[in-house]
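As a plain string of letters, each chain reads:
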Amino acid sequence: MDARALVARNLRRLRVRQGLSQEILAVDAKIDRTYVSRVERGLENPTVAVLERLSRALNSEITEFFLQPRRGEPVPRTLPSGRRPKH
């Protein structure tokens, strides 16, 4: 797996595990939501500075973006689409 695909997979894994939408993550990381989407789809080469902002917003270490998936580990699923109802 190339580095861009690895970062994409791990970004989605971390975001979904925390139940964050791309929009919320983007606001917390102070980057555009469409950029988060493009990184998750492996269409962008994020800089170290962007990865640092994303890792802070996810309360994780930057090294987590480079973890190799375990053999047979499924691809992270996306969250259900649409806005969540306010409680």
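As a reminder, the structure under discussion sits directly above these lines.
Numbering of residues begins from 1 in every chain and follows the order in which that chain's sequence is written. Local features in this predicted model are restricted to residues of pLDDT 70 or higher, and side-chain atom pairs are both shown and tallied only at a pLDDT of 80 or more, whereas totals for entire chains, interfaces and linings draw on every residue. For the side-chain quantities, the full set of heavy atoms in the structure was used; hydrogens and water were omitted.

**Digging into the pattern of salt bridges**
Now for step 1: Salt bridges are identified by distance alone: a Lys or Arg side-chain nitrogen within 4 Å of an Asp or Glu carboxyl oxygen. Throughout the structure, instances matching the rule amount to six salt bridges.
Now for step 2: Note that Arg 15 and Glu 40 form a salt bridge whose closest N and O atoms lie 2.5 Å from each other. Here the residue Arg 15 occupies a position in helix 1 (residues 3-17), and Glu 40 occupies one in helix 3 (residues 33-40), the gap between them amounting to 25 residues.
Now for step 3: Residue classification places Glu 40 among the buried residues on the basis of a relative accessible area of 6%. The way it works is that DSSP assigns letters per residue, a run of H or I at least four long becomes a helix, a run of E at least two long becomes a strand, and they are numbered from the N terminus. Per-residue accessibility, obtained with a 1.4 Å probe over protein chains only, is compared with the maximum for each type, and a residue is labelled buried under 20%, exposed over 50%, and partly exposed between these values.

**A closer look at the packing of helix 2 (residues 22-29) against helix 3**
Now for step 1: Where helix 2 contacts helix 3, the axes come no closer than 8 Å and their chain directions differ by 110°. The pairing of helix 2 with helix 3 is recorded here as roughly perpendicular in orientation. In this structure, helix 2 meets helix 3 at a crossing whose hand is right-handed. On helix 3, the residues that touch Gln 22, Glu 23, Leu 25 and Ala 26 of helix 2 are Arg 33, Val 36, Ser 37 and Glu 40. Only the stretch in contact is used when fitting a helix axis, every axis being a line fitted to C-alpha atoms; angles between N-to-C directions are given from 0 to 180 degrees. Roughly parallel here means an angle under 35 degrees, roughly antiparallel means over 145, roughly perpendicular means 65 to 115, and every remaining angle is called oblique. Less than a right angle of anticlockwise turn of the near helix away from the far helix marks a crossing as left-handed, whereas a clockwise turn marks it as right-handed. The contact criterion used throughout is that any non-hydrogen atoms of two residues lie within 4.5 Å.

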